[in-house]
Amino acid sequence: MTNHAMTTTTTSPETLPLDADSLRPDELSMPALMRELNLQRKPSWLLVKVMNALEQKRQRKGLGWSRAWNKYGLTVFRTHTQRVVEDADYFAPVISVLNHFLAGADPIYRDFVADLLSDPARMAFTFYHNNTTEDGLQYEGLTVSMGRKVPGDLTKRDRLDIILEDQRVDGAVDGQVDRVRIYVCPWATYGLDRRFQLCERHSFTAEERGVVQSSYRQCVDHYNQWKTEESRQWSHWSVRYIDYFGPRGFIPQGSSFV
């Protein structure tokens, strides 16, 4: 029997594969730099291919936390966990965003949001991502994601996603939210025929702008607080094998996540 040694390719800060308009690696904080370097170290292509095939099957069946809008075009480079009772101050501005933008939503979905937010057993994560859209626009941003296991079928999830994104223009971002998307996705409708409520906005009134920016600043402030706290880092063995988890291909000038 022949033993095959597994080799690991390491990447130095000087050779992070970022595009030409990105921040230099020496401009990143130590936690951000270490995270980018660690994410470069992928397992073999075959294991990645097998895991992504499995993930596609899970998504078609609606299993677990995953939804299509949190996969395609995205690179999730860090995930933090939240504690829904202890972190009430973190969620308060996010709930203000929901109240402003879901006022005209179908009552079924508004009732679902109210019920989920009152559930002390709900789970919450914040995913930090780069996003390249089909028409070539680039964003950096975050998803505050809340959900819970569906009673009677613990492989399924109710899910609510609040996505705030800052568009990259001429290689840079300015810290201002340019796009808001809210996906309200109870399993009762999603499991039936993949129905969910989407609210998407690209422009805001002065009042809405204040609410959105307050939430984004709160999330960014907590990102900087939590990026060095080990207990806040969500990690699972599968993320090393799934394509939409990984290092950033660009880190904009002015990035909020360094």
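Everything numeric here is computed off the predicted structure, so don't read it as measured data.

Draft legend 1. The arrangement of the sheet that holds strand β2 (residues 123-132) in detail. Pairing in this open sheet of six strands is antiparallel, and the strands run β1-β2-β3-β4-β5-β6 from one edge to the other. Every other strand in the sheet has two partners, leaving β1 (74-81) and β6 (197-201) as the edge strands with one partner each. Each neighbouring strand pair of the sheet contributes to a mean axis angle of 20°, computed without reference to strand direction. For strand β5 (residues 179-185) and β6, the ladder comprises five bridges, and the chain directions are antiparallel. Bridge pairing in β6 places Arg181 opposite Glu200. In this fold helix α4 (residues 107-117) packs onto β3 (138-150), β4 (153-167), β5 and β6, with an angle of close to 75° to the strand it touches most, β3.

Draft legend 2. Spotlight on the pairing of β1. Taking burial as the measure, the eight residues of β1 include seven buried ones, the bulk of the element. When β1 meets β2, the two strands line up antiparallel, connected through seven bridges. Looking at β2, one finds that Leu74 is bridged to Asn131.

Draft legend 3. Representation of the pairing of β5. Most of β5 is tucked away: seven of the seven residues are buried. Residue alternation in β5 divides its side chains into two sets, Arg179, Arg181, Tyr183 and Cys185 and Val180, Ile182 and Val184, and both sets are buried. Note: β4 against β5, seven bridges, orientation antiparallel. Considered in β5, the bridge of Glu165 is made with Arg179.

Draft legend 4. Summary view of the nonpolar core. Grouped together as the largest cluster of nonpolar side chains are 45 residues, with contacts concentrated most on Leu160, Ile162 and Ile182. Only α1 (30-39), α3 (88-101), α4, β2, β3, β4, β5 and α6 (206-226) provide two or more residues apiece to this core. No other element matches α6, which puts seven residues into this core. With sequence-adjacent residues up to four places away left out, Ile182 is seen in contact with Val97, Leu98, Phe101, Leu102, Leu160, Asp161, Ile162, Gln197, Leu198 and Cys199. Core analysis: the second largest hydrophobic core is formed by seven residues, Trp69, Tyr183, Cys185 and Tyr190 among them.

Draft legend 5. Up close: the environment of Asp158. The topology assignment puts Asp158 in strand β4. Here the alpha-carbon distance between Asp158 and Trp187, two residues 29 residues apart in the chain, equals 5.1 Å. Residues within four places of Asp158 in sequence aside, it is in contact with Phe112, Met146, Gly147, Arg148, Val150, Cys185, Pro186, Trp187 and Ala188. A polar contact of 2.8 Å, which involves the side chain of Asp158, links it to the backbone nitrogen of Trp187.

Here is what the cut-offs are and how they apply
- In this convention, every chain numbers its residues from 1, walking through the sequence in written order.
- Selection of residues for local features in this predicted model requires a pLDDT of at least 70, selection of side-chain atom pairs for listing and counting requires 80 or more, and totals for whole chains, interfaces and linings are taken over all residues.
- Hydrogen atoms and water are omitted, and side-chain values are computed over all heavy atoms in the structure.
- DSSP bridges decide pairing: two strands pair if at least two such bridges lie between them.
- A run of DSSP states H or I qualifies as a helix once it reaches four residues; a run of E qualifies as a strand once it reaches two. Both are numbered from the N-terminal end.
- Only the stretch in contact is used when a helix axis is fitted, and all axes are lines through C-alpha atoms; the angle between N-to-C directions ranges over 0 to 180 degrees.
- Throughout, a contact is declared for two residues whenever any of their heavy atoms are within 4.5 Å.
- To sort residues, take the accessible area from a 1.4 Å probe on protein chains only and compare it with the maximum for the residue type: under 20% means buried, over 50% means exposed, and anything in between is partly exposed.
- As used here, the term nonpolar core means buried Ala, Val, Leu, Ile, Met, Phe, Trp, Tyr and Cys residues forming a set that is joined through side-chain atoms within 4.5 Å.
- By the criterion applied in these results, polar contacts are pairs of N or O atoms within 3.5 Å in which, for protein atoms, one can donate a hydrogen and the other can accept it, and in which residues neighboring in sequence qualify only through two side-chain atoms.

Any functional reading would require information beyond the geometric quantities listed.
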